[in-house]
Amino acid sequence: MQDDLQVLGRAVKQAQYRQHRAMDSALSAVGTTLAQWDALRAIDRSPGASARELAAATFQSEQAFGTLVGRLAAQGLVERRPGHGRRIQHRLTPDGERMLAAGHTVAGEVLAGCFAGLSAAERATLLELLLRLNTQE
């Protein structure tokens, strides 16, 4: 049983690694990286969110996210404004919105390729199972 669980864990990690490599490679063609595009996506989903919230949403430390968002701001893709108290709010600029849209197009193509070996029903089952695992505490 333990060996089966290790094989399962490795297979999940291997699929994730393959997807991330393909996404990073394809996103470079539009001038971004997977980490940058994911940050833009998180900011777009939660405009005005704090760095702490955005770091958690992108599976990064606050320090790593701060460095990343600093680079995005320097590229003119994100603006940071003072918020309530010490909070800094993050918003996409028009260039950031364009980069996000380009990334969505790339991601759609890459993900279609990554999951091409599964039928629509199998993809739905996989999603249901992963969502169930991710809601466990």
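Coordinates for the structure precede this section.
All of these numbers come straight from a predicted model, not from anything done at the bench. (Residues numbered from 1 in each chain as written. Predicted model: local features only at pLDDT ≥ 70, side-chain atom pairs only at ≥ 80, totals over all residues. Heavy atoms only, no water.)

Chemist: Which parts of the structure should I look at to understand the overall build of the protein chain?
Modeler: In terms of helices and strands, the protein chain carries six helices and two strands. Principal axes of the C-alpha set define a box for the protein chain whose edges measure 50 × 35 × 25 Å. By the burial criterion, 25% of the 137 residues in the protein chain qualify as buried. The long-range share in the protein chain, meaning contacts at least 24 apart out of those at least 6 apart in sequence, stands at 52%. When the accessible surface of the protein chain is totalled, it reaches about 9,300 Å², and 55% of it is carbon and sulfur. Between the centroid of the 16 positive side chains of the protein chain and the centroid of its 14 negative side chains there is a distance of 5 Å. (Helix = DSSP H or I, 4+ residues; strand = E, 2+ residues; numbered from the N terminus. Buried < 20%, exposed > 50% of the residue type's maximum accessible area, 1.4 Å probe, protein only. Contact = heavy atoms within 4.5 Å. Areas by Shrake-Rupley, 256 points an atom, 1.4 Å probe, with all protein chains shown as cover. Lys, Arg positive; Asp, Glu negative; His and termini not counted. Charge placed at Lys NZ, Arg CZ, Asp CG, Glu CD.)

Chemist: Quick question: what am I supposed to make of the packing of helix α2 (residues 34-45) against helix α5 (residues 94-114) here?
Modeler: Direction vectors running N to C along α2 and α5 enclose 115°, while the axes themselves pass 10 Å from each other. When the interaxial angle is binned, α2 and α5 end up roughly perpendicular. With respect to the hand of their crossing, α2 and α5 are arranged in left-handed fashion. Between α2 and α5, the contacting residues are Trp-37, Leu-40, Arg-41 and Asp-44 on the first element and Gly-96, Met-99, Leu-100, Gly-103, His-104 and Ala-107 on the second. (Axes fitted to C-alpha atoms, helices over the stretch in contact; angles between N-to-C directions. Parallel < 35°, antiparallel > 145°, perpendicular 65-115°, else oblique. Left-handed = near helix turned anticlockwise from the far one by under 90°.)

Any link to function would need more than the numbers given here.
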